[in-house]
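Per-entry structural report
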Amino acid sequence: ARTVDLERHLGRAGSQFAQVLVLGVGFDPKRVRFSSERQRWFGLDLRDMLREREARFGAASVAAASFTPVVGDILSDDWTNSILAAGFKSDVPTLIIAEGISMYFPREVLAELFVKLRTIVAAPDSRFWLDHVSTALFELDMFEVRSFLSSMARLGEPFVTGFD
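Overview of the structure.

Taken as a whole, this structure holds 2 aromatic pairs when the rule is applied. On the numbers, 5.6 Å between centres and 65° between planes, the contact of Phe 42 with Phe 88 is edge-to-face. Taken together, the residues span a long stretch of sequence, with Phe 42 in strand β2 (residues 40-45) and Phe 88 in the loop between α4 (79-85) and β4 (94-98) at a distance of 46 residues. Phe 88 matches Phe 42 in its accessibility class, with the two residues each being buried. With a centroid separation of 5.3 Å and an interplanar angle of 75°, the aromatic rings of Phe 114 and Phe 128 are classed as edge-to-face. Placement of Phe 114 in helix α5 (residues 107-120) and of Phe 128 in strand β5 (residues 127-130) is noted, with a sequence separation of 14 residues between them. Taking relative accessible area as the criterion, Phe 114 reaches 35% and is therefore assigned partly exposed. In this structure, Arg 53 is placed above the aromatic ring of Phe 57, and the distance from its NZ or CZ to the ring centre is 4.5 Å.

Pasting the structure below:
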């Protein structure tokens, strides 16, 4: 559902942004479908993830019109410098995408992330797209939910929090 919503948004309003920053880009293919020579995409992720991503996309002969991978860890203090060094422009309308990451961080980390983004994004027409799960997810007594949360924990990606 989150991907469908985000892709609809990119289809409707994506062209109004001069650049797009994807936090935790992983294997997200949207940069291939939506990037253009007029819109630069930046994908921030860990070095190993970016290396694996490029190997898989390269093996499939899939390339984006304009994509800059940026090595960084949003839990560190220097990722904003890495983004800026990669050519990110603070003064142009930017869409920041944080898809599928909020549930892995406590509120304090998310709050710090928002503050850091504010230091590198100055254009008033910029937007931040964030998906989240509510705290109610953790209270649902349903087999499917318990199974999903357990599976995520076994994968080494336990959901930490939700917010309303």
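With parallel pairing, 5 strands are arranged side by side in an open sheet as β3-β2-β1-β4-β5. Strands with a single pairing partner mark the edges of an open sheet, and in this sheet they are β3 (67-71) and β5. Adjacent strand axes in the sheet meet at a mean angle of 15° when their direction is disregarded. Of the pairings in the sheet, the one linking strand β1 (residues 19-23) to β2 comprises 5 bridges and is parallel in character. Residue pairing in the sheet places Gln 19 in a bridge with Arg 40 of β2.

Attention shifts here to the pairing of β1. By the criterion of burial, β1 is predominantly enclosed, with 5 of the 5 residues buried. A two-sided burial pattern is seen for β1, the buried positions comprising Gln 19, Leu 21 and Leu 23 on one face and Val 20 and Val 22 on the other. Bridge count between β1 and β4: 4 bridges; the pairing is parallel. Bridging across to β4, Val 22 finds its partner in Ile 97.

Turning our eyes to something else, we now look at the pattern of salt bridges. Under the defined criterion, the tally for this structure stands at 11 salt bridges. Note that Asp 28 is salt-bridged to Lys 30, the shortest N-O span being 3.0 Å. Of the two residues examined, Asp 28 and Lys 30, each falls in the buried class. Lys 116 is paired through a salt bridge with Glu 112; the nearest N and O atoms lie 3.4 Å apart.

One finds Leu 21, Leu 23, Trp 79 and Ile 83 to be the most contacted residues of the largest nonpolar core, which totals 18 residues. Only β1, β2, α4, β4 and α5 provide two or more residues apiece to this core. If you tally residues by element for this core, the top one is α5, at 4 residues. Beyond its immediate chain neighbours, meaning those up to four positions away, Trp 79 contacts Leu 23, Leu 44, Gly 72, Asp 73, Ile 74, Leu 113, Lys 116, Leu 117 and Ile 120. One finds Leu 10, Val 22, Leu 95 and Ile 97 within the second-largest nonpolar core, a separate group that totals 13 residues.

The rules we used
Residues numbered from 1 in each chain as written. Predicted model: local features only at pLDDT ≥ 70, side-chain atom pairs only at ≥ 80, totals over all residues. Heavy atoms only, no water. Phe/Tyr/Trp six-rings, centres within 6.5 Å; stacked < 30°, edge-to-face > 60°. Helix = DSSP H or I, 4+ residues; strand = E, 2+ residues; numbered from the N terminus. Buried < 20%, exposed > 50% of the residue type's maximum accessible area, 1.4 Å probe, protein only. Lys NZ or Arg CZ within 6 Å of the ring centre and 35° of its normal. Pairing = 2+ DSSP bridges. Axes fitted to C-alpha atoms, helices over the stretch in contact; angles between N-to-C directions. Salt bridge = Lys/Arg side-chain N within 4 Å of Asp/Glu carboxyl O. Core = buried A, V, L, I, M, F, W, Y, C linked by side-chain atoms within 4.5 Å. Contact = heavy atoms within 4.5 Å.

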